[in-house]
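Next come the chains, spelled out residue by residue.
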Amino acid sequence: MPTNRELFFYLQKEGLPNSVITFVLQEINGFDRLLLAQNFDREIKDFDALKIAIGRYKSGEMIEYVFNKAYFLSFPFYVNKNVLIPRQETEQLVVMAIDKIRKKFSDKKLNIADVCTGSGAIGISMARELANHKFFLSDILEEAIHVANINLERAELKNVVTWVGDMLEPFIKNKIKLDVIVCNPPYIEDITTIDQKTWKQEPHLSLLAKPETKYYEIILKNYKKVMNEDFLLCFEIGENMEKSLTEILEIFGKKVIYSFEKDIYGKTRFLFIENSLK
Ligand SMILES: C[S@@+](CC[C@H](N)C(=O)[O-])C[C@H]1O[C@@H](n2cnc3c(N)ncnc32)[C@H](O)[C@@H]1O
């Protein structure tokens, strides 16, 4: 059997990215990153499984779907083809949202929703960090909520409930008043702007919106039905959406304060909206 080191360099020569090779070696050995480094010269545990996984990756399958796993803020989330693979920029949304929540609400007990939750990556990561608040995770797709429930069990959280439903409907129906909504909705109108691997494998329900602002508008037009007076809305947005979303926000005049913020690559990818101060 080859060692992890031999395989690492062999796969590197074959053109696989280091991040994918490391992910595969970790999963096949059942190691975390540190254990892999400590056992780099050991023989690989299951060479046949590795060959199958690499074969699937080479034929185009995303490595996260091959192993039904995606790391998000270091937590191993279960994923399958009913949910989007959570992205790095979304990790930044979570970190920024937590920071804003702490600053705005200090010790108040809050109701926080992750609308369009998919795998539950946003809501579950936030609930792990903000254990005193109550979290509601919702998605229109029952299969996505099934995935979120698996992740909820893995995270052993007691402060989270999940609902199947269309955007704000579950909250209206259950008469829940929220303090915070965090949402990464579908926002792709032009499919030529996304990469082919994503289009072929990830659920179209997670990606498509026509117009691109559709789901933001649903929340903005209905937020008063579900939000408390002091509220915060946190959105991930597409790269070129600042203008179209600003036009929608103008109808609120001075009733709300909003800011667009950039990701680590300097692209405008987040929108935060809150009530204006009395
Ligand atoms: C871009 S994905 C985001 C998934 C996850 N929150 C993340 O950031 O990785 C959008 C999610 O919205 C869900 N969705 C699509 N239309 C919806 C609707 N009308 N109401 C609620 N959820 C919807 C999809 O099923 C999908 O899980």
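> Explain the nonpolar core to me, please; I cannot follow it from the model alone.
Nonpolar side chains tend to gather and get buried jointly when the protein is soluble and globular. Judged by nonpolar contacts, the single largest core of 37 residues is most densely connected at Val115, Phe171, Leu178, Ile181, Leu233, Phe235 and Ile273. Those elements giving two or more residues to this core turn out to be strand S3 (111–115), strand S6 (178–183), helix H12 (214–226), strand S7 (227–236), helix H13 (242–249), strand S8 (256–262) and strand S9 (268–275). When residues in this core are grouped by element, the largest group, six residues, is from H12. Formed by 30 residues, the second largest nonpolar core is a distinct cluster that contains Val94, Ala121, Ile122 and Leu232.

> When you look at the pairing of strand S5 (residues 160–164) in this model, what are you seeing that I'm missing?
Side-chain positions along a regular strand alternate between the two faces of the sheet. Where strand S4 (residues 134–139) meets S5, five bridges bridge the pair, whose relative direction is parallel. Looking at the pairing, Phe135 lines up with Val160 of S5.

> Help me understand the packing of aromatic side chains, please; the structure alone is not making it clear to me.
In this description, an aromatic ring pair is defined by two values, namely the gap between the centres and the angle between the planes. Enumeration over the complete set of coordinates arrives at 13 aromatic pairs. Ring geometry for Phe75 and Phe77: centres 5.1 Å apart, planes at 70°, overall edge-to-face. Just as Phe75 is buried, Phe77 falls in that class too. On the basis of an interplanar angle of 40° and a centroid distance of 4.8 Å, the ring pair of Tyr223 and Phe231 is categorised as tilted. Each of the two residues, Tyr223 as well as Phe231, counts as buried. Members of the aromatic cluster, each reached through a chain of ring pairs, are Phe8, Phe9 and Phe40. Residue placement shows Lys100 over the ring face of Phe272; its charged tip is 4.6 Å from the ring centre.

> Quick question: what am I supposed to make of the pairing of strand S2 (residues 75–78) here?
Pairing of strand S1 (residues 69–72) with S2, which is carried by four bridges, proceeds in the antiparallel orientation. Within S2, the position partnered with Ala70 by the bridge is Phe77.

> Please explain the domain arrangement of the chain as it appears in this structure.
Size of an interface: often given as the accessible area lost when the parts come together. By the assigned domains, the chain splits into domain 1 (4–67) and domain 2 (88–275). For domain 1 versus domain 2, the distance between C-alpha centres works out to 33 Å. Listed per partner, the contact involves five residues of domain 1 and five residues of domain 2. With both chains or domains summed, domain 1 and domain 2 bury close to 420 Å², and 49% of this area falls on carbon and sulfur atoms. Looking only at domain 1, the three residues that lose the most surface to domain 2 are Gly60, Met62 and Tyr65, adding up to 85% of its buried area.

> How should the packing of helix H1 (residues 4–13) against helix H2 (residues 18–29) be read in this particular structure?
Helix-helix packing is described using two parameters, namely the angle between the two axes and the distance between the axes. As a packed pair, H1 and H2 sit with axes 10 Å apart at the nearest point and diverge in direction by 145°. Every pair of crossing elements has a handedness; the one defined by H1 and H2 is right-handed. Between H1 and H2, the residues in contact are Asn4, Leu7, Phe8, Leu11 and Gln12 and Asn18, Ile21, Thr22, Leu25 and Asn29, respectively. The residue makeup of the contact of H1 with H2, split by class, is five nonpolar, five polar and no charged.

The rules behind these values
- Residues numbered from 1 in each chain as written.
- Predicted model: local features only at pLDDT ≥ 70, side-chain atom pairs only at ≥ 80, totals over all residues.
- Heavy atoms only, no water.
- Core = buried A, V, L, I, M, F, W, Y, C linked by side-chain atoms within 4.5 Å.
- Buried < 20%, exposed > 50% of the residue type's maximum accessible area, 1.4 Å probe, protein only.
- Helix = DSSP H or I, 4+ residues; strand = E, 2+ residues; numbered from the N terminus.
- Pairing = 2+ DSSP bridges.
- Phe/Tyr/Trp six-rings, centres within 6.5 Å; stacked < 30°, edge-to-face > 60°.
- Lys NZ or Arg CZ within 6 Å of the ring centre and 35° of its normal.
- Domains from an automatic or database assignment.
- Contact = heavy atoms within 4.5 Å.
- Buried area = accessible area lost by both parts, 1.4 Å probe.
- Axes fitted to C-alpha atoms, helices over the stretch in contact; angles between N-to-C directions.
- Left-handed = near helix turned anticlockwise from the far one by under 90°.
- Nonpolar A, V, L, I, M, F, W, Y, C, P; charged D, E, K, R; others polar.

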